[in-house]
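Topology and contacts: notes
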Amino acid sequence: MEEKKGISKKKEITPKDVTICDATAQMLEKAKRDGVETAFDRAASMKACPIGADSACCKHCGMGPCRLNSRDPYGKVGVCGATIDTIMSRNFARMVAAGGAAHTDHGMSMLDLFREVVNGNITDYKIKDTQKLEEVAASIGIEVEGRETNDIAMDLYKELERTYTQVEGEIPFAKRVPEKTLETWRKLGIVPRGAMREIMELMHRSHMGVDQHYENITKQCSRTALADGWGGSMVATEISDILFGTPSPVSIEVNMGVLKEDEVNIIVHGHEPNLFESMLVSSKEPSLVEAAQKAGAKGINLVGMCCSGAEMLVRHGIPHAGNFMSTETILVTGAVDAMTVDVQCIKQGLAKVAECYSTPLITTNPRCHIEGAQHIEFNEHNPTSCTDEIVIKAISRFKNRTSEIEIPRIKNIGVHGFSHEYINYMLGGTFRGSYTPLNDNIINGRIRGVAGVVGCTNPRVKQDWVHVELVKELIKNDVLVLQTGCSQIALAKAGLTTPEAAILAGPGLHEVCETVGMPPVLGIGSCVDNSRILIAASAMVKEGGLGHSIADLPVAGAAPEWMSEKAICIGQYFVASGVFTVFGVTFPIIEETKFHKLLFEGLEKQGLGKWGFTADPYEMARMMIAHIDKKRKELGIDKARERVLMDMADRREMEAKYQQA
Ligand code: NFS
Ligand code: SF4
């Protein structure tokens, strides 16, 4: 057996203990045999730093780095005198700034593309959804009646540019925020001006010797995060819909079994839909298909992963091979002929695993090069020159395949692609498309509330397990679940995104799902599409009967296996929008400190939402449901719920029925 590649002194992992994804577990067994290391191995060998985990250290200047004591947080201060609350809130602020920057920079790329398309400088993409264009334009006060598409588009571009560059005033999509929520923001001074300004100010304020009051720092955290949720991310979603089409439900295949041994397999992983759209064009290009056939392949098999995959899955029904913790393991199949990436959530570890299986790992974005990967720059003015070359490289790897191939024979199906426009249409029907039926079903208690379950997977917890257990608990209790990103892939692999899964829901939700023919778990897109949840929540408020602000709604959010700074920023914008948001794995804070009390209690008293934390999915469900029930009570609709109570025997019978089905 050859020498293990990678780090020394390791702890052996047991695949079944680190993931509930059978395909990933199977590949971890193969990785062991092949002597290949993944993030699962590294997580087992790398003990998380306990001081960092509590956010009790600061390295913002050369007088430090300073370490405080988590067990006695007020016993010590940094060399400059910074207290534990200052240190933790500044660290938190930098996570919000980085996460917000990632989403807003992605959104700005989409807007750059849109501008060039509208100007006629880019011809490979077009405005695909003019109805969406008009709706978005009208929603921020642009006149659309009787006007040319291009004129509306130009005005929309100019307006949306303000999301990033405006130095004074309110970002354009503030117009979509329910009035009472917006009023609260105005009172607190947290309505975002422009994302660049907010991120810059947050970086400034978290510098050594500037803002040293955790309450004031937290305000700018909210303002910056809102510039992401209602700004950068929302622009990314809306522009992507306008250019590439608004999602509607489509039956999809997920899991590693979507790879095909006799085809050229190409994986696209990252975040920006334009690369993937052009990969789709290149993979269908007749001369390239012919070249693949000449090389002995039956065809070219394009597959998505992570959020890139989620974008394409909901728009084109392109198969999805897995979420964040499966990106290394899928290379272990030996069947991947090229993996192409753009930005975000791309582990550097991929380079080494790809090398072990002679799979070309190709970076395409000027923002993201990886040592050991090949870089073929993607340029929207001539996109297929890059994507054609990627296909050619993949064909050549197919021809010269040397690695032993083992593809897990596991494929699941699901129905995904529920944009908020579609939810509206689905529940209301063609002639009365509206949120009335959703609100009615919440008021009458069939649907207890709505939960957004989103975010990453993380090797510090058993992959997919927390997502799946949490969502099962929620739907059992009649909570409708909306999902994005890697989380929806976890549920799709568990078979819960099919209409048949309604049998696992409580009787009220089951009835609604059956009537409408929808799954109890609705996959709505990638991580930037969390903005769709904000819009759906606003629509629920505007529909009436469920209070006057987002904070009044019986809703809750969760990122049960989060890992990225983007997730922290998303959490903060949900909280600032009025949503109770629970995170799992770990939370960078010391409990019972002033900063902790502010995030976990104080913000709610200001009329916003609040944070929650637990690593346990059942406790997480309990917390979310308790919050939903509290909101129902405040709205005076708690009585309506009593009729849908079930006992354990009913549930067991339901589960059994589902297993047989
Ligand atoms: Ni969002 Fe996490 Fe990454 Fe997408 Fe997946 S890991 S915060 S879900 S791919 S961004
Ligand atoms: Fe230490 Fe203060 Fe410098 Fe942070 S800013 S490293 S707490 S001296």
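Our subject is the structure that appears above.
Our subject in this report is the structure included herewith. (Residues numbered from 1 in each chain as written. Chains lettered and ligands numbered in written order. Predicted model: local features only at pLDDT ≥ 70, side-chain atom pairs only at ≥ 80, totals over all residues. Heavy atoms only, no water.)

Regarding its fold elements, the protein presents 25 helices and 15 strands. The C-alpha radius of gyration computed for the protein amounts to 24 Å, which stays within 12% of the reference 26 Å derived for 661 residues, consistent with globular compactness. When the backbone C-alpha atoms are referred to their principal axes, the protein occupies close to 65 × 65 × 60 Å. Summarising the internal contacts of the protein: among those between residues at least 6 apart in sequence, 75% fall at separations of at least 24. Working note: accessible area of the protein is about 24700 Å², and carbon and sulfur atoms make up 50% of it. (Helix = DSSP H or I, 4+ residues; strand = E, 2+ residues; numbered from the N terminus. Rg over C-alpha atoms; globule rule 2.2 N^0.38 Å. Contact = heavy atoms within 4.5 Å. Areas by Shrake-Rupley, 256 points an atom, 1.4 Å probe, with all protein chains shown as cover.)

Another aspect to go through is the site of ligand 1. Near ligand 1 you find 13 residues, and of these Cys307, Cys345, Cys456, Cys486 and Cys527 are the closest. More than half of the atoms of ligand 1 fall within 2 Å of the grid points belonging to the largest cavity. For the shell around ligand 1, the elements supplying multiple residues, two or more each, are α13 (306–316) and α19 (485–493). Looking at the shell around ligand 1 residue by residue, the class counts come to 8 nonpolar, 4 polar and 1 charged. Split by domain, the shell around ligand 1 shows at least three residues from each of two domains, domain 2 (256–399) and domain 3 (419–660). (Near = heavy atom within 4 Å. 1 Å grid on protein atoms, 1.4 Å probe; cavity = no way out; pocket = protein on both sides within 12 Å on 5 of 7 lines; lining within 4 Å. Sits in = over half its atoms within 2 Å of the grid points. Nonpolar A, V, L, I, M, F, W, Y, C, P; charged D, E, K, R; others polar. Domains from an automatic or database assignment.)

In this section: unusual backbone geometry. For the peptide bond that leads from Gly64 to Pro65, omega is -5 degrees, which places it in the cis range. As for its position among the elements, Pro65 is in the loop between β1 (57–58) and β2 (66–67). Residues other than glycine seldom take positive phi values, yet Gln344 does so here, at roughly 75 degrees. Structurally, Gln344 can be placed in the loop between β6 (338–341) and α14 (349–356). Classification of Gln344 by relative accessible area gives buried; the value is 16%. Of note in the backbone geometry, Asp478 takes a positive phi value of approximately 65 degrees without being a glycine. Along the chain, Asp478 falls in the loop between α18 (465–476) and β11 (479–483). The exposure class assigned to Asp478 is buried, which follows from its relative accessible area of 1%. (Buried < 20%, exposed > 50% of the residue type's maximum accessible area, 1.4 Å probe, protein only.)

So, about the pairing of strand β14 (residues 580–583). Strand residues, when the strand is regular, have side chains that alternate between the two faces of the sheet. Burial along β14 is two-sided: the residues Phe580 and Val582 and Thr581 and Phe583 are all buried. Bridging between strand β13 (residues 555–559) and β14 involves 4 bridges; their strand directions are parallel. Note on β14: the bridge partner recorded for Ala559 is Phe583. Tracing the backbone out of β13, into helix α22 (residues 565–577) and back to the parallel element β14 gives a crossover that is right-handed. The pairing of β14 with strand β15 (residues 611–613) spans 3 bridges and is parallel. For Val582, the partnering residue across the bridge sits in β15 and is Gly612. (Pairing = 2+ DSSP bridges. Right-handed = clockwise from strand over helix to strand, strands pointing away.)

A probe matching the size of a water molecule, rolled over the atoms, marks out where space remains unfilled. Under the criterion given, the structure shown has 2 cavities of 30 Å³ or more. Considering only enclosed or pocket space, the largest cavity measures out at about 380 Å³ in volume. As for the largest cavity, its lining consists of 39 residues, and the residues nearest its centre are Gly452, Val454, Ile533, Ile570 and Phe574. Those elements giving two or more residues to the lining of the largest cavity turn out to be α13, β10 (449–453), β11, α21 (530–543), β13, α22 and β14. Of the residues in the lining of the largest cavity, the class split is 31 nonpolar, 7 polar and 1 charged. Summarising the domain contributions, the lining of the largest cavity has at least three residues from each of domain 2 (256–399) and domain 3 (419–660). By volume, the second largest cavity amounts to about 80 Å³. Looking at the lining of the second largest cavity, its residues break down into 9 nonpolar, 3 polar and 2 charged. (Points joined across faces, edges and corners; volume = space filled by probe spheres on them.)

Here we come to the pattern of salt bridges. In the structure shown here, the tally under the stated rule is 42 salt bridges. The shortest N-O distance in the salt bridge between Glu406 and Arg33 comes to 3.0 Å. Separated by 373 residues along the polypeptide, Glu406 in the loop between α15 (383–399) and β9 (412–416) and Arg33 in helix α2 (residues 22–34) bring together distant segments of the chain. By relative accessible area, Arg33 is classed as partly exposed at 48%. (Salt bridge = Lys/Arg side-chain N within 4 Å of Asp/Glu carboxyl O.)

Position of Thr614 among the secondary structure elements: in the loop between β15 and α24 (617–635). Separated by 3.1 Å, the side chain of Thr614 and the backbone nitrogen of Asp616 make a polar contact. Residues contacting Thr614, with those up to four places away along its chain left out, are Val582, Phe583, Gly584, Glu619, Met620 and Met623. (Polar contact = N/O pair within 3.5 Å; in protein donor to acceptor, adjacent residues only side chain to side chain.)

Lining the immediate surroundings of ligand 2 are Cys58, His60, Cys61, Met63, Gly64, Cys66, Gly78, Val79, Cys80, Ala82, Arg90 and Met208. For ligand 2, the cavity whose grid points lie within 2 Å of the majority of its atoms is the second largest cavity. Here the residues of the shell around ligand 2 sort into 8 nonpolar, 3 polar and 1 charged.

On to the coordination of the nickel atom of ligand 1. There is one protein donor for the nickel atom of ligand 1, and it is Cys527 (SG), at 2.2 Å. Classification of the site at the nickel atom of ligand 1 rests on its 4 donor atoms, whose angles at the metal span 99 to 132 degrees, yielding the label tetrahedral. As for its placement among the helices and strands, Cys527 is situated in the loop between β12 (521–523) and α21. (Donors = N, O, S within 2.8 Å, 3.2 Å for Na, K, Ca; no water. Tetrahedral: all angles 85-135°; square planar, octahedral: opposite > 155°, others 65-115°.)

This next bit is on the environment of Ala492. Its place among the elements puts Ala492 in helix α19. Sequence separation between Ala492 and Asn458 is 34 residues, and the spatial gap between their C-alpha atoms is 18 Å. Here Ala492 is in contact with Val254, Asn412, Ile413, His416 and Thr497, once residues within four sequence places are set aside.

Moving on: the packing of aromatic side chains. In the structure shown here, the tally under the stated rule is 13 aromatic pairs. With a centroid separation of 5.7 Å and an interplanar angle of 70 degrees, the aromatic rings of Phe92 and Phe595 are classed as edge-to-face. Remark: Phe595 occurs in helix α23 (residues 594–605) and Phe92 occurs in helix α5 (residues 84–119); sequence separation between them is 503 residues. By relative accessible area, which is 2% here, Phe92 ends up buried. Accessibility expressed as a relative area gives 0% for Phe595, which makes it buried. Among the aromatic residues, ring-to-ring pairing joins Phe92, Trp562, Phe583, Phe587, Phe595, Phe600 and Trp611 into one connected group. The ring of Phe324 has Lys347 lying over it, and the distance from NZ or CZ to the ring centre is 4.0 Å. (Phe/Tyr/Trp six-rings, centres within 6.5 Å; stacked < 30°, edge-to-face > 60°. Lys NZ or Arg CZ within 6 Å of the ring centre and 35° of its normal.)

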